[in-house]
Each structure stands twice: as structure tokens, then as C-alpha cells.
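Structure at a glance
Residue-level listing of the chains:
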Amino acid sequence: QAQTAEDARRAAITLTFNLAGTLLVVMAATLAVVRGLPPEFSAALPPRALGLLCLAAIFRLGLFPFHIALPDTVGARKGLMIALRLIPAGVALHLLSRVTALGLPRGMVGWVGGAGVAAALIGGLQWWLAEPANGELAASADQSALILALGGLAVLAGVWGNELGPPAMIALSLGLLLSGG
């Protein structure tokens, strides 16, 4: 019973942040349309729209609330669960790489960099302290923590990598997806 209540709480948190991310994307598109721009990626996007897209990607990637909302176990196959966790992270990192290629608003660089550092440290620590289950390799004990750590590193590459940031972010995203978390 306690596990079911905890899973319900985590599902509610995940849904809330996914909905917030979706609303932020809609708000960014609305800002662009209000200014007479098409809702597409271009250098003409207003800085607020870029900031909203960046925040939406951070929510969807799980950099906030640091993957605490993901249920520990669900009655699904392991491969399916890995895909359910990796595909949204890959999409969010792609969006974030496009936003950082256009240039983050000045006030957001420190915040996004801080979120990347926190995610990399928290994810790395969680992954390091994870206990492997029966017959499981220690390295694959906690995929959520690995996704969080590599996602944080990808965000840092995008934010502080200058012109090489977006390609580095894409490379880390592909490494994350191809490794299976």
C-alpha cells in the first residue's frame, strides 16, 4: 500500500512538471506569434521565448526535480522502461541544444549552468551509491541517476561550450540514447 501511494505521488509530480513544460512551450510559441514571428527556431525569437523553451527542456529532461518523480518499478519490461526514460531526455536535450545554439538570455546562463552542475553531481552520486540487484551490473543499477548525470553534463557542454557546445550536447545525447542509459 505504501509503495502504491508513493508511486501515485511520483506520477503526479511527473505529470505536473510535464504539463508545466508543455505550457512553457506553448507560451514561447505565443510570444513569437504575438511579435509577428512564425513559431519556429530562428535568431529572431525573443529572449523570453528562448528562456521559456530552455526551462521547458529542463523540466522535461528531469533536471528539475532531479528525477525524484520517476517511479522505481512499474509493471513493464526493462527495455520499455529504459526507452520511456531515454526518449524524452533525448528530445529535451535536442531542444536545449537548439536553444543554446541561438544563445541563451544573459540572465539564464548562470541558472542553467547551475542546474547542469547540480544534476551532474546529484546523478553521479546517486549512480555511485546505487546497489545492484541480483545479477545486475553495478554500472546499470540506477538508470535514472545515469540519465540525470549525463543530462547534466550535456547541459554544461551546451551552456559553456561556446560554438562547440551544441554539437557536444548532441554527442552526449546520442551516447546516452545508444548506451541504453
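Structure shown above.
Residues numbered from 1 in each chain as written. Predicted model: local features only at pLDDT ≥ 70, side-chain atom pairs only at ≥ 80, totals over all residues. Heavy atoms only, no water.

A look at the packing of helix α4 (residues 106-129) against helix α5 (residues 143-160)
Interhelical geometry of α4 versus α5 gives an angle of 150° and a closest axis separation of 7 Å. If you check the angle between α4 and α5, you find them roughly antiparallel. Considering the relative orientation of α4 and α5, their crossing is left-handed. Where α4 approaches α5, its residues Val109, Val112, Gly113, Gly116, Val117, Ala119, Ala120, Ile122, Gly123, Gly124, Gln126 and Trp127 are matched on the opposing element by Ala145, Leu146, Leu148, Ala149, Gly152, Leu153, Val155, Leu156, Val159 and Trp160. Looking at the contact of α4 with α5 residue by residue, the class counts come to 16 nonpolar, six polar and no charged. (Axes fitted to C-alpha atoms, helices over the stretch in contact; angles between N-to-C directions. Helix = DSSP H or I, 4+ residues; strand = E, 2+ residues; numbered from the N terminus. Parallel < 35°, antiparallel > 145°, perpendicular 65-115°, else oblique. Left-handed = near helix turned anticlockwise from the far one by under 90°. Contact = heavy atoms within 4.5 Å. Nonpolar A, V, L, I, M, F, W, Y, C, P; charged D, E, K, R; others polar.)

A few points about the side chain of Thr100
Note that Thr100 resides in helix α3 (residues 78-102). With residues near it in sequence (within four places) discarded, Thr100 still touches Gly158, Val159 and Pro166.

So, the environment of Phe59
The topology assignment puts Phe59 in helix α2 (residues 47-61). Note: C-alpha distance between Phe59 and Ala92 (33 residues apart in sequence) is 8.5 Å.

Describing α2
Residues separated by three or four positions in an α-helix point in the same direction, a consequence of the helix having 3.6 residues per turn. Over its 15 residues, α2 runs 21 Å from end to end, which matches the ideal 21 Å to within 8%, given 1.5 Å per residue. When you tally the buried positions in α2, you get 11 out of 15 residues, the bulk of the element. Burial in α2 covers these residues: Ala49, Leu50, Gly51, Leu52, Leu53, Cys54, Ala56, Ala57, Ile58, Phe59 and Leu61. Among the residues trailing α2, Gly62 stands out with phi positive, at a value near 100°. (Expected span 1.5 Å × (residues − 1). Buried < 20%, exposed > 50% of the residue type's maximum accessible area, 1.4 Å probe, protein only.)

Overview of the packing of aromatic side chains
Using the criterion set out here, one finds one aromatic pair in the structure. Relative to Phe59, the ring of Phe17 lies with its centre 5.1 Å away and its plane at 85°, an arrangement referred to as edge-to-face. With Phe17 in helix α1 (residues 2-34) and Phe59 in helix α2, this residue pair connects regions lying 42 residues apart in the sequence. No difference in accessibility class separates Phe17 from Phe59, as the two residues are buried. (Phe/Tyr/Trp six-rings, centres within 6.5 Å; stacked < 30°, edge-to-face > 60°.)

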